[in-house]
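Working through the structure, step by step
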Amino acid sequence: MILLVGNGPISPDAVSLIDQANFVVRFNDCRSYGELPGPTHAVAVCNTGRSGRSLATSAKWRSHLAIREAREFWCVRSPAKFLELRDSIIDQWPGLADFCDDHTSRFAAYSAALGKNFVVFDHNIHDEVDRNLADFAPPRYVVPSSGMLALHYVLRRFPDLPVILTGFTHQGWKWHPFSAEKTLVDHYIRLGRVTRL
(Lines give C-alpha, C1' and ligand atoms only; values in the text may rest on other atoms or scores of the structure.)
Protein backbone atom coordinates (compact mmCIF):
# COMPACT_ATOMS: atom_id res chain seq x y z
CA MET A 1 0.00 0.00 0.00
CA ILE A 2 1.23 3.50 -0.91
CA LEU A 3 0.25 6.36 1.39
CA LEU A 4 0.40 9.93 0.06
CA VAL A 5 0.32 12.38 2.95
CA GLY A 6 -0.72 15.89 1.94
CA ASN A 7 -0.39 18.97 4.12
CA GLY A 8 -4.10 19.38 4.83
CA PRO A 9 -6.05 17.92 7.78
CA ILE A 10 -5.20 14.27 8.36
CA SER A 11 -7.88 11.61 8.69
CA PRO A 12 -7.69 9.74 12.02
CA ASP A 13 -7.91 6.53 9.96
CA ALA A 14 -4.44 7.25 8.58
CA VAL A 15 -2.80 6.82 11.99
CA SER A 16 -3.37 3.07 11.99
CA LEU A 17 -2.21 2.74 8.37
CA ILE A 18 1.08 4.58 8.22
CA ASP A 19 3.19 1.86 9.81
CA GLN A 20 1.63 -0.72 7.47
CA ALA A 21 2.39 1.23 4.31
CA ASN A 22 4.96 -0.09 1.86
CA PHE A 23 5.84 3.47 0.84
CA VAL A 24 4.96 6.84 2.38
CA VAL A 25 5.21 10.09 0.40
CA ARG A 26 5.12 13.53 2.01
CA PHE A 27 5.22 16.96 0.37
CA ASN A 28 7.40 20.06 0.50
CA ASP A 29 7.80 21.14 4.14
CA CYS A 30 5.94 18.09 5.52
CA ARG A 31 3.63 20.34 7.55
CA SER A 32 1.30 17.51 8.54
CA TYR A 33 4.09 15.41 10.09
CA GLY A 34 3.05 16.50 13.58
CA GLU A 35 -0.43 15.08 12.99
CA LEU A 36 0.87 11.93 11.33
CA PRO A 37 4.41 11.08 12.42
CA GLY A 38 6.01 7.91 11.21
CA PRO A 39 8.03 6.67 8.26
CA THR A 40 8.85 8.81 5.26
CA HIS A 41 10.13 7.07 2.16
CA ALA A 42 9.98 10.01 -0.24
CA VAL A 43 9.47 13.75 -0.07
CA ALA A 44 8.03 15.37 -3.19
CA VAL A 45 9.11 18.99 -3.59
CA CYS A 46 8.35 21.94 -5.82
CA ASN A 47 11.75 22.58 -7.36
CA THR A 48 11.00 25.82 -9.20
CA GLY A 49 10.07 29.37 -8.29
CA ARG A 50 9.93 30.93 -4.87
CA SER A 51 8.78 27.76 -3.15
CA GLY A 52 11.67 25.80 -4.66
CA ARG A 53 14.22 28.41 -3.63
CA SER A 54 12.73 28.67 -0.13
CA LEU A 55 12.91 24.93 0.50
CA ALA A 56 16.30 24.38 -1.11
CA THR A 57 17.97 27.11 0.95
CA SER A 58 16.23 26.41 4.27
CA ALA A 59 18.25 25.02 7.15
CA LYS A 60 14.96 24.37 8.97
CA TRP A 61 13.75 22.23 6.06
CA ARG A 62 17.00 20.22 6.03
CA SER A 63 16.78 19.57 9.75
CA HIS A 64 13.18 18.33 9.67
CA LEU A 65 12.95 14.70 10.83
CA ALA A 66 10.96 13.62 7.75
CA ILE A 67 13.53 15.20 5.44
CA ARG A 68 16.44 13.57 7.23
CA GLU A 69 14.76 10.15 7.28
CA ALA A 70 13.47 10.17 3.69
CA ARG A 71 15.07 7.69 1.32
CA GLU A 72 14.22 9.67 -1.79
CA PHE A 73 13.60 13.23 -2.94
CA TRP A 74 11.29 13.82 -5.88
CA CYS A 75 11.44 17.06 -7.86
CA VAL A 76 7.95 17.16 -9.32
CA ARG A 77 8.51 19.90 -11.89
CA SER A 78 10.36 18.95 -15.06
CA PRO A 79 13.07 21.57 -15.74
CA ALA A 80 12.66 21.03 -19.50
CA LYS A 81 8.89 21.46 -19.28
CA PHE A 82 9.16 24.62 -17.21
CA LEU A 83 11.72 26.08 -19.60
CA GLU A 84 9.23 25.41 -22.39
CA LEU A 85 6.42 27.07 -20.37
CA ARG A 86 8.40 30.09 -19.19
CA ASP A 87 7.52 32.61 -21.91
CA SER A 88 3.82 31.77 -21.99
CA ILE A 89 3.53 31.91 -18.20
CA ILE A 90 5.26 35.27 -18.01
CA ASP A 91 3.06 36.54 -20.86
CA GLN A 92 -0.19 35.44 -19.20
CA TRP A 93 0.79 35.94 -15.56
CA PRO A 94 3.45 38.71 -15.35
CA GLY A 95 3.52 38.38 -11.57
CA LEU A 96 4.99 34.89 -11.97
CA ALA A 97 8.19 36.01 -13.69
CA ASP A 98 10.28 33.81 -11.39
CA PHE A 99 7.88 30.86 -11.33
CA CYS A 100 10.00 28.79 -13.73
CA ASP A 101 13.35 29.55 -12.10
CA ASP A 102 14.89 26.12 -11.62
CA HIS A 103 16.41 25.00 -8.31
CA THR A 104 16.71 21.30 -9.14
CA SER A 105 20.50 21.36 -8.88
CA ARG A 106 20.28 22.50 -5.23
CA PHE A 107 18.10 19.51 -4.33
CA ALA A 108 20.35 17.22 -6.36
CA ALA A 109 23.44 18.37 -4.48
CA TYR A 110 21.73 17.94 -1.11
CA SER A 111 20.51 14.45 -2.06
CA ALA A 112 23.96 13.43 -3.24
CA ALA A 113 25.58 14.69 -0.06
CA LEU A 114 23.25 12.49 2.01
CA GLY A 115 23.32 9.51 -0.33
CA LYS A 116 19.59 9.63 -1.03
CA ASN A 117 17.85 8.53 -4.21
CA PHE A 118 16.98 11.48 -6.40
CA VAL A 119 14.13 11.57 -8.93
CA VAL A 120 13.23 14.38 -11.32
CA PHE A 121 9.86 13.92 -12.99
CA ASP A 122 10.18 14.07 -16.75
CA HIS A 123 7.95 16.21 -18.92
CA ASN A 124 5.77 13.22 -19.82
CA ILE A 125 4.35 13.14 -16.28
CA HIS A 126 3.29 16.78 -16.60
CA ASP A 127 1.91 16.30 -20.12
CA GLU A 128 -0.08 13.21 -19.17
CA VAL A 129 -1.62 14.97 -16.18
CA ASP A 130 -2.58 17.94 -18.36
CA ARG A 131 -4.25 15.57 -20.83
CA ASN A 132 -6.11 13.73 -18.07
CA LEU A 133 -7.31 16.99 -16.54
CA ALA A 134 -8.53 18.24 -19.92
CA ASP A 135 -11.31 15.63 -19.79
CA PHE A 136 -12.81 17.55 -16.88
CA ALA A 137 -12.80 21.03 -18.44
CA PRO A 138 -10.56 22.80 -15.93
CA PRO A 139 -10.59 26.59 -15.80
CA ARG A 140 -7.45 28.35 -16.98
CA TYR A 141 -4.54 27.27 -14.80
CA VAL A 142 -0.76 27.58 -14.67
CA VAL A 143 0.34 24.04 -13.78
CA PRO A 144 -1.05 21.00 -11.96
CA SER A 145 -0.39 20.75 -8.24
CA SER A 146 2.52 18.81 -6.77
CA GLY A 147 0.03 16.36 -5.30
CA MET A 148 -1.50 15.58 -8.68
CA LEU A 149 1.88 15.12 -10.34
CA ALA A 150 3.08 12.86 -7.53
CA LEU A 151 -0.10 10.80 -7.62
CA HIS A 152 0.31 10.22 -11.35
CA TYR A 153 3.94 9.19 -10.83
CA VAL A 154 2.96 6.79 -8.04
CA LEU A 155 0.24 5.19 -10.16
CA ARG A 156 2.84 4.57 -12.87
CA ARG A 157 5.64 3.41 -10.56
CA PHE A 158 3.51 1.14 -8.33
CA PRO A 159 0.78 -0.15 -10.66
CA ASP A 160 -0.06 -3.17 -8.51
CA LEU A 161 -0.29 -1.49 -5.11
CA PRO A 162 -3.32 0.36 -3.70
CA VAL A 163 -2.85 4.10 -3.26
CA ILE A 164 -4.37 5.95 -0.30
CA LEU A 165 -4.55 9.74 0.03
CA THR A 166 -4.83 11.65 3.29
CA GLY A 167 -4.40 15.37 3.92
CA PHE A 168 -5.65 16.30 0.44
CA THR A 169 -8.32 19.00 0.43
CA HIS A 170 -7.94 19.96 -3.24
CA GLN A 171 -7.61 23.58 -2.17
CA GLY A 172 -4.73 26.02 -2.19
CA TRP A 173 -2.96 28.20 -4.73
CA LYS A 174 -5.58 29.73 -7.02
CA TRP A 175 -3.69 28.87 -10.23
CA HIS A 176 -3.74 25.11 -9.68
CA PRO A 177 -6.81 23.39 -11.23
CA PHE A 178 -8.04 21.97 -7.94
CA SER A 179 -11.67 21.40 -8.96
CA ALA A 180 -10.61 19.35 -11.98
CA GLU A 181 -7.97 17.54 -9.91
CA LYS A 182 -10.62 16.53 -7.36
CA THR A 183 -12.83 15.22 -10.16
CA LEU A 184 -9.90 13.29 -11.64
CA VAL A 185 -9.12 11.73 -8.25
CA ASP A 186 -12.81 10.83 -7.88
CA HIS A 187 -12.49 9.09 -11.26
CA TYR A 188 -9.49 7.09 -10.01
CA ILE A 189 -11.49 6.17 -6.90
CA ARG A 190 -14.34 4.84 -9.02
CA LEU A 191 -11.84 2.78 -10.99
CA GLY A 192 -10.54 1.29 -7.74
CA ARG A 193 -7.03 2.73 -8.16
CA VAL A 194 -7.16 5.25 -5.29
CA THR A 195 -8.80 5.65 -1.88
CA ARG A 196 -9.22 9.05 -0.24
CA LEU A 197 -9.37 9.19 3.56
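Look up: the structure comes first, before these words.
Residues numbered from 1 in each chain as written. Predicted model: local features only at pLDDT ≥ 70, side-chain atom pairs only at ≥ 80, totals over all residues. Heavy atoms only, no water.

1. Observations regarding the packing of aromatic side chains
Applying the stated criterion across every chain, the model contains 13 aromatic pairs. Here the aromatic rings of Phe121 and Tyr153 are separated by 4.5 Å at their centres, their planes lie at 25 degrees, and the arrangement is stacked. With Phe121 in the loop between strand S5 (117-120) and helix H6 (123-134) and Tyr153 in helix H7 (residues 146-157), this residue pair connects regions lying 32 residues apart in the sequence. Among the aromatic residues, those joined into a ring-pair cluster are Phe23, Trp74, Phe121, Tyr153 and Phe158. (Phe/Tyr/Trp six-rings, centres within 6.5 Å; stacked < 30°, edge-to-face > 60°. Helix = DSSP H or I, 4+ residues; strand = E, 2+ residues; numbered from the N terminus.)

2. With respect to the packing of H6 against H7
The N-to-C vectors of H6 and H7 enclose an angle of 105 degrees; their axes lie 10 Å apart at closest approach. With respect to their mutual orientation, H6 and H7 come out roughly perpendicular. Residue-level contacts link Asn124, Ile125, His126, Glu128, Val129 and Asn132 of H6 to Met148, Leu149, His152, Tyr153 and Arg156 of H7. The residue makeup of the contact of H6 with H7, split by class, is five nonpolar, four polar and two charged. (Axes fitted to C-alpha atoms, helices over the stretch in contact; angles between N-to-C directions. Parallel < 35°, antiparallel > 145°, perpendicular 65-115°, else oblique. Contact = heavy atoms within 4.5 Å. Nonpolar A, V, L, I, M, F, W, Y, C, P; charged D, E, K, R; others polar.)

3. Here's the deal with the layout of surface pockets
The space that makes up the largest pocket amounts to roughly 720 Å³. Asn28, Ser145, Ser146, His176 and Phe178 are, among the 34 residues lining the largest pocket, the residues nearest its centre. Listing elements by their share of the lining of the largest pocket, those giving two or more residues are helix H1 (49-56), H7 and helix H8 (178-191). Among the elements that make up the lining of the largest pocket, the one with the highest residue count is H1 (five residues). (1 Å grid on protein atoms, 1.4 Å probe; cavity = no way out; pocket = protein on both sides within 12 Å on 5 of 7 lines; lining within 4 Å. Points joined across faces, edges and corners; volume = space filled by probe spheres on them.)

4. Digging into the packing of H7 against H8
The relative placement of two packed helices comes down to the angle between their axes together with the axis-to-axis distance. Remark: H7 packs on H8, axes separated minimally by 11 Å, with the N-to-C direction vectors making an angle of 25 degrees. The angle between H7 and H8 falls in the class roughly parallel. The chirality of how H7 crosses H8 is left-handed. Counted together, Met148, Leu151, His152 and Leu155 of H7 and Glu181, Leu184, Val185 and Tyr188 of H8 form the full contact between these two elements. (Left-handed = near helix turned anticlockwise from the far one by under 90°.)

5. Side note on the environment of Ser54
Topologically, Ser54 is positioned in helix H1. When its relative accessible area of 45% is taken as the criterion, Ser54 is described as partly exposed. The spacing of Ser54 and His103 is 49 residues in sequence and 9.7 Å in space, taken between C-alpha atoms. (Buried < 20%, exposed > 50% of the residue type's maximum accessible area, 1.4 Å probe, protein only.)

6. Considering the pattern of salt bridges
Under the defined criterion, the tally for this structure stands at nine salt bridges. Counted as one network, the salt bridges with shared partners bring together Lys81, Glu84 and Asp127. (Salt bridge = Lys/Arg side-chain N within 4 Å of Asp/Glu carboxyl O.)

7. Comments concerning H8
In this model H8 runs 20 Å from its N-terminal to its C-terminal C-alpha over 14 residues, within 8% of the 20 Å that 1.5 Å per residue would give. Considered for burial, the residues of H8 that qualify are Phe178, Ala180, Glu181, Leu184, Val185 and Tyr188. Around the axis of H8, the buried residues are gathered within 155 degrees of arc, so they sit on the same side. Of the surrounding elements, those touching the buried residues of H8 are H6, H7, strand S6 (163-166) and strand S7 (194-196). Immediately beyond the C-terminal end of H8, within one or two residues, lies Gly192, with a positive phi of roughly 85 degrees. (Expected span 1.5 Å × (residues − 1). Arc of directions from axis to C-beta.)

8. Description of the nonpolar core
In this structure, Leu4, Val25, Trp74, Leu151 and Val163 are the most contacted members of the largest nonpolar core, which totals 31 residues. Put simply, the parts of the chain that give this core at least two residues each are strand S1 (2-5), strand S2 (23-27), strand S3 (42-45), H6, H7, S6 and H8. It is H7 that provides the largest number of residues to this core, a total of seven residues. Among all residues touching Trp74, those that are not within four sequence positions of it are Phe23, Val25, Ala42, Val43, Ala44, Val45, Val119, Phe121, Ala150, Tyr153, Val154 and Arg157. Tyr33, Trp61, Ala66 and Phe73 belong to the second largest nonpolar core, which has 14 residues in total. (Core = buried A, V, L, I, M, F, W, Y, C linked by side-chain atoms within 4.5 Å.)

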